[in-house]
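So you can see what is in the structure, the chains are spelled out below.
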Amino acid sequence: TQLLEQSPQFLSIQEGENLTVYCNSSSVFSSLQWYRQEPGEGPVLLVTVVTGGEVKKLKRLTFQFGDARKDSSLHITAAQPGDTGLYLCADPGGATNKLIFGTGTLLAVQP
Amino acid sequence: NAGVTQTPKFQVLKTGQSMTLQCAQDMNHEYMSWYRQDPGMGLRLIHYSVGAGITDQGEVPNGYNVSRSTTEDFPLRLLSAAPSQTSVYFCASSEASSTDTQYFGPGTRLTVL
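Quick caveat: nothing in here was measured; it's all calculated off a predicted structure.

**Student:** Looking at this structure, how should I read the sheet that holds strand 8 (residues 71–76) of chain A?
**Tutor:** Residue and element names in this part refer to chain A. An order of 1-3-8-7-6 is seen for the 5 strands of this open sheet, with the pairing classed as antiparallel. Edge positions in the open sheet fall to strand 1 (4–7) and strand 6 (55–58), since each of these has one partner strand only. The sheet shows a mean angle of 15° between the axes of neighbouring strands, taken without regard to direction. Of the pairings in the sheet, the one linking strand 6 to strand 7 (residues 61–65) comprises 4 bridges and is antiparallel in character. Directly across from Leu58, in strand 7, lies its bridge partner Leu61.

Set out below in C-alpha coordinates:
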(Lines give C-alpha, C1' and ligand atoms only; values in the text may rest on other atoms or scores of the structure.)
Protein backbone atom coordinates (compact mmCIF):
# COMPACT_ATOMS: atom_id res chain seq x y z
CA THR A 1 0.00 0.00 0.00
CA GLN A 2 1.31 3.43 -0.93
CA LEU A 3 2.11 5.65 2.06
CA LEU A 4 1.32 9.35 1.79
CA GLU A 5 3.16 11.49 4.31
CA GLN A 6 2.09 15.10 4.81
CA SER A 7 4.09 17.84 6.50
CA PRO A 8 3.86 19.70 8.67
CA GLN A 9 1.34 17.85 10.81
CA PHE A 10 0.13 21.07 12.46
CA LEU A 11 0.46 24.70 11.44
CA SER A 12 -0.76 27.77 13.31
CA ILE A 13 -0.24 31.12 11.59
CA GLN A 14 -1.51 34.70 11.65
CA GLU A 15 -3.91 36.08 9.08
CA GLY A 16 -2.04 37.43 6.05
CA GLU A 17 0.91 35.03 6.24
CA ASN A 18 1.88 32.63 3.47
CA LEU A 19 2.31 28.90 3.97
CA THR A 20 3.17 25.70 2.13
CA VAL A 21 2.17 22.15 2.99
CA TYR A 22 3.67 19.06 1.43
CA CYS A 23 2.59 15.58 0.41
CA ASN A 24 5.17 12.90 -0.30
CA SER A 25 4.85 9.31 -1.45
CA SER A 26 6.98 6.20 -1.42
CA SER A 27 6.01 5.55 -5.04
CA VAL A 28 4.70 7.29 -8.14
CA PHE A 29 1.20 8.73 -8.16
CA SER A 30 -1.08 8.14 -11.14
CA SER A 31 -2.73 11.41 -10.14
CA LEU A 32 -3.25 13.30 -6.89
CA GLN A 33 -6.16 15.03 -5.23
CA TRP A 34 -6.23 17.70 -2.52
CA TYR A 35 -9.18 17.96 -0.12
CA ARG A 36 -10.09 20.39 2.67
CA GLN A 37 -12.09 19.24 5.67
CA GLU A 38 -13.73 21.70 8.04
CA PRO A 39 -14.58 20.69 11.61
CA GLY A 40 -17.62 18.41 11.82
CA GLU A 41 -17.88 17.92 8.07
CA GLY A 42 -16.67 15.55 5.39
CA PRO A 43 -13.77 16.40 3.08
CA VAL A 44 -14.41 18.50 -0.02
CA LEU A 45 -12.34 18.13 -3.17
CA LEU A 46 -10.22 21.20 -4.05
CA VAL A 47 -8.25 20.03 -7.08
CA THR A 48 -6.89 17.06 -9.02
CA VAL A 49 -3.41 17.17 -10.57
CA VAL A 50 -2.46 14.64 -13.20
CA THR A 51 0.69 15.62 -15.11
CA GLY A 52 4.20 15.83 -13.62
CA GLY A 53 5.17 19.49 -13.13
CA GLU A 54 1.55 20.64 -13.34
CA VAL A 55 0.55 23.81 -11.48
CA LYS A 56 -3.07 24.67 -10.72
CA LYS A 57 -4.42 27.77 -9.03
CA LEU A 58 -7.62 28.17 -7.08
CA LYS A 59 -7.88 31.80 -5.95
CA ARG A 60 -5.14 32.14 -3.28
CA LEU A 61 -4.27 28.42 -3.36
CA THR A 62 -1.54 27.11 -5.67
CA PHE A 63 -1.12 23.37 -6.17
CA GLN A 64 2.01 21.86 -7.69
CA PHE A 65 2.66 18.28 -8.78
CA GLY A 66 6.28 17.15 -8.68
CA ASP A 67 8.06 16.40 -11.94
CA ALA A 68 8.49 12.75 -10.92
CA ARG A 69 4.89 12.55 -9.62
CA LYS A 70 6.05 11.40 -6.17
CA ASP A 71 5.28 14.63 -4.34
CA SER A 72 2.95 17.60 -4.33
CA SER A 73 2.64 20.92 -2.54
CA LEU A 74 -0.12 23.34 -1.64
CA HIS A 75 0.79 27.00 -1.18
CA ILE A 76 -1.63 29.48 0.36
CA THR A 77 -1.01 33.18 -0.13
CA ALA A 78 -2.24 35.70 2.45
CA ALA A 79 -4.05 33.12 4.59
CA GLN A 80 -7.43 34.00 6.04
CA PRO A 81 -9.34 32.51 9.01
CA GLY A 82 -11.68 30.85 6.51
CA ASP A 83 -8.74 28.73 5.33
CA THR A 84 -8.69 26.96 8.70
CA GLY A 85 -9.18 23.22 8.36
CA LEU A 86 -7.57 19.87 7.72
CA TYR A 87 -5.83 19.63 4.34
CA LEU A 88 -5.58 16.14 2.92
CA CYS A 89 -3.82 14.81 -0.12
CA ALA A 90 -5.14 11.59 -1.64
CA ASP A 91 -4.08 9.05 -4.25
CA PRO A 92 -7.15 8.08 -6.32
CA GLY A 93 -5.60 4.71 -7.00
CA GLY A 94 -6.21 4.32 -10.71
CA ALA A 95 -6.36 0.59 -11.40
CA THR A 96 -6.74 -0.34 -7.71
CA ASN A 97 -9.93 1.71 -7.43
CA LYS A 98 -8.98 2.64 -3.85
CA LEU A 99 -8.77 6.28 -2.77
CA ILE A 100 -6.00 6.47 -0.16
CA PHE A 101 -5.58 9.58 1.98
CA GLY A 102 -2.49 11.14 3.44
CA THR A 103 -1.91 11.84 7.11
CA GLY A 104 -3.22 15.41 6.86
CA THR A 105 -2.07 18.90 7.81
CA LEU A 106 -4.18 20.74 10.38
CA LEU A 107 -4.09 24.48 9.66
CA ALA A 108 -5.26 27.18 12.06
CA VAL A 109 -5.28 30.78 10.85
CA GLN A 110 -5.59 33.27 13.68
CA PRO A 111 -7.30 36.63 13.00
CA ASN B 1 -30.86 16.64 -4.05
CA ALA B 2 -29.90 15.43 -0.58
CA GLY B 3 -26.48 14.15 -1.78
CA VAL B 4 -24.96 11.63 0.62
CA THR B 5 -26.83 11.07 3.88
CA GLN B 6 -25.66 9.14 6.92
CA THR B 7 -27.55 7.96 9.99
CA PRO B 8 -27.23 8.11 12.90
CA LYS B 9 -25.17 11.24 13.52
CA PHE B 10 -24.00 10.03 16.94
CA GLN B 11 -23.99 6.55 18.52
CA VAL B 12 -22.70 5.06 21.77
CA LEU B 13 -22.27 1.29 22.01
CA LYS B 14 -21.04 -1.13 24.61
CA THR B 15 -18.29 -3.58 23.76
CA GLY B 16 -19.73 -6.59 21.97
CA GLN B 17 -22.86 -4.89 20.68
CA SER B 18 -23.67 -4.85 16.98
CA MET B 19 -25.03 -2.05 14.86
CA THR B 20 -25.43 -0.83 11.29
CA LEU B 21 -24.36 2.58 10.04
CA GLN B 22 -26.58 3.69 7.19
CA CYS B 23 -25.43 5.50 4.05
CA ALA B 24 -27.59 6.55 1.11
CA GLN B 25 -27.03 8.67 -1.98
CA ASP B 26 -29.51 10.04 -4.50
CA MET B 27 -27.07 10.87 -7.32
CA ASN B 28 -27.21 7.46 -9.04
CA HIS B 29 -23.53 6.97 -8.27
CA GLU B 30 -21.98 3.54 -8.86
CA TYR B 31 -18.94 3.92 -6.55
CA MET B 32 -19.47 4.09 -2.80
CA SER B 33 -17.01 3.76 0.06
CA TRP B 34 -16.62 3.86 3.84
CA TYR B 35 -13.81 5.56 5.75
CA ARG B 36 -12.92 5.95 9.40
CA GLN B 37 -11.14 8.98 10.78
CA ASP B 38 -9.39 8.97 14.13
CA PRO B 39 -8.63 12.25 15.95
CA GLY B 40 -6.30 14.57 14.04
CA MET B 41 -5.67 12.00 11.33
CA GLY B 42 -6.47 11.34 7.73
CA LEU B 43 -9.15 8.95 6.51
CA ARG B 44 -8.60 5.22 6.18
CA LEU B 45 -10.58 3.17 3.66
CA ILE B 46 -12.64 0.35 5.19
CA HIS B 47 -14.65 -1.09 2.28
CA TYR B 48 -15.78 0.07 -1.12
CA SER B 49 -18.22 -0.90 -3.85
CA VAL B 50 -18.18 -0.31 -7.60
CA GLY B 51 -21.84 -1.15 -8.07
CA ALA B 52 -24.79 -3.12 -6.73
CA GLY B 53 -23.75 -6.61 -5.70
CA ILE B 54 -20.01 -5.84 -5.76
CA THR B 55 -17.92 -5.00 -2.69
CA ASP B 56 -14.23 -5.17 -1.84
CA GLN B 57 -11.90 -4.55 1.08
CA GLY B 58 -9.98 -1.38 1.75
CA GLU B 59 -7.04 -0.70 4.09
CA VAL B 60 -8.73 -1.57 7.40
CA PRO B 61 -11.63 -4.03 6.77
CA ASN B 62 -11.35 -6.22 9.88
CA GLY B 63 -14.39 -6.03 12.16
CA TYR B 64 -16.64 -4.52 9.49
CA ASN B 65 -19.03 -6.01 6.94
CA VAL B 66 -20.76 -4.35 4.00
CA SER B 67 -23.29 -5.23 1.35
CA ARG B 68 -24.66 -3.37 -1.67
CA SER B 69 -28.10 -4.64 -2.62
CA THR B 70 -29.14 -1.38 -4.34
CA THR B 71 -27.30 1.45 -6.08
CA GLU B 72 -28.53 3.94 -3.47
CA ASP B 73 -27.60 2.24 -0.19
CA PHE B 74 -24.30 1.03 1.28
CA PRO B 75 -24.67 0.05 4.96
CA LEU B 76 -21.68 -0.68 7.21
CA ARG B 77 -22.13 -3.36 9.88
CA LEU B 78 -20.16 -3.75 13.09
CA LEU B 79 -20.81 -7.31 14.26
CA SER B 80 -19.16 -7.07 17.69
CA ALA B 81 -18.05 -3.56 18.56
CA ALA B 82 -14.67 -2.97 20.19
CA PRO B 83 -13.24 0.20 21.80
CA SER B 84 -10.71 0.35 18.95
CA GLN B 85 -13.63 1.06 16.61
CA THR B 86 -14.35 4.37 18.33
CA SER B 87 -14.02 6.84 15.48
CA VAL B 88 -15.83 9.10 13.05
CA TYR B 89 -17.16 7.21 10.04
CA PHE B 90 -17.62 8.82 6.65
CA CYS B 91 -19.44 7.46 3.64
CA ALA B 92 -18.65 8.76 0.16
CA SER B 93 -19.92 8.26 -3.36
CA SER B 94 -18.75 9.08 -6.86
CA GLU B 95 -19.96 8.57 -10.38
CA ALA B 96 -18.00 5.46 -11.29
CA SER B 97 -14.62 5.01 -9.63
CA SER B 98 -12.09 6.19 -7.05
CA THR B 99 -10.62 8.65 -9.57
CA ASP B 100 -13.87 10.62 -9.84
CA THR B 101 -14.81 13.44 -7.47
CA GLN B 102 -15.87 11.92 -4.16
CA TYR B 103 -18.88 13.38 -2.33
CA PHE B 104 -18.79 12.78 1.40
CA GLY B 105 -21.60 12.49 3.91
CA PRO B 106 -21.60 14.44 7.20
CA GLY B 107 -20.22 11.52 9.21
CA THR B 108 -21.29 9.33 12.14
CA ARG B 109 -19.47 9.75 15.45
CA LEU B 110 -19.26 6.35 17.15
CA THR B 111 -18.09 5.71 20.69
CA VAL B 112 -17.59 2.15 21.97
CA LEU B 113 -17.34 1.83 25.74
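**Student:** Would you take a moment to explain the sheet that holds strand 7 (residues 64–66) of chain B for this structure?
**Tutor:** Each strand in a sheet pairs with another by means of backbone hydrogen bonds, the pair being arranged parallel or else antiparallel. Residues and elements named next belong to chain B. If you trace the 4 strands from one edge of the open sheet to the other, you get 1-3-8-7, paired in antiparallel fashion. Each edge of the open sheet carries a strand with a single partner, namely strand 1 (4–7) and strand 7. The average undirected angle you get between the axes of adjacent strands in this sheet is 20°. As judged from the 4 bridges shared by strand 1 and strand 3 (residues 19–25), these two strands associate in the antiparallel manner. In the strand pairing of strand 3, Thr7 is matched with Gln22.

**Student:** Any chance you could explain the side chain of Ser98 of chain B here in plain terms?
**Tutor:** Relative to the elements of secondary structure, Ser98 of chain B occurs in the loop between strand 9 (87–94) and strand 10 (103–104). Separated by 2.4 Å, the side chain of Ser98 of chain B and the backbone oxygen of Pro92 of chain A make a polar contact. For Ser98 of chain B, the residues in contact, after removing those within four places along its chain, are Gln33, Pro92, Gly94, Asn97, Lys98 and Leu99 of chain A together with Tyr31 of chain B.

**Student:** What exactly am I supposed to notice about the side chain of Gln6 of chain B here?
**Tutor:** Residue and element names in this part refer to chain B. With respect to the helices and strands, the residue Gln6 is situated in strand 1. Classification of Gln6 by relative accessible area gives buried; the value is 7%. At a separation of 3.0 Å, a polar atom in the side chain of Gln6 contacts the main-chain carbonyl oxygen of Tyr89. Within polar-contact distance, the side chain of Gln6 engages the backbone nitrogen of Cys91 at 3.0 Å.

Cut-offs used in this document
- Per chain, the residues get numbers from 1 upward, laid out in the order the sequence is written.
- Chain labels run from A onward and ligand labels from 1 onward, assigned in the order the entries are written.
- This being a predicted model, a pLDDT of at least 70 is required before a residue's local features are given, and a value of 80 or more before pairs of side-chain atoms are given or counted; all residues contribute to the totals for chains, interfaces and linings.
- As a rule here, side-chain values cover all heavy atoms of the structure and leave hydrogens and water aside.
- Whether two strands pair depends on DSSP finding at least two bridges between them.
- Secondary structure counts use DSSP, requiring at least four H or I residues in a row for a helix and at least two E residues in a row for a strand, with both numbered from the N terminus.
- For helices, the fitted axis covers only the stretch in contact; all axes are lines through C-alpha atoms, and the angles between them, taken along N-to-C directions, range from 0 to 180 degrees.
- We define a polar contact as two N or O atoms separated by no more than 3.5 Å, with the added condition that, inside protein, one atom must be a possible hydrogen donor and the other a possible acceptor, whereas residues neighbouring each other in sequence contribute only through side-chain atom pairs.
- Every residue pair with non-hydrogen atoms within 4.5 Å of one another is taken to be in contact.
- Remark: exposure states derive from per-residue accessible area (1.4 Å probe, protein chains only) relative to the maximum for the residue type, with buried under 20%, exposed over 50%, and partly exposed in between.

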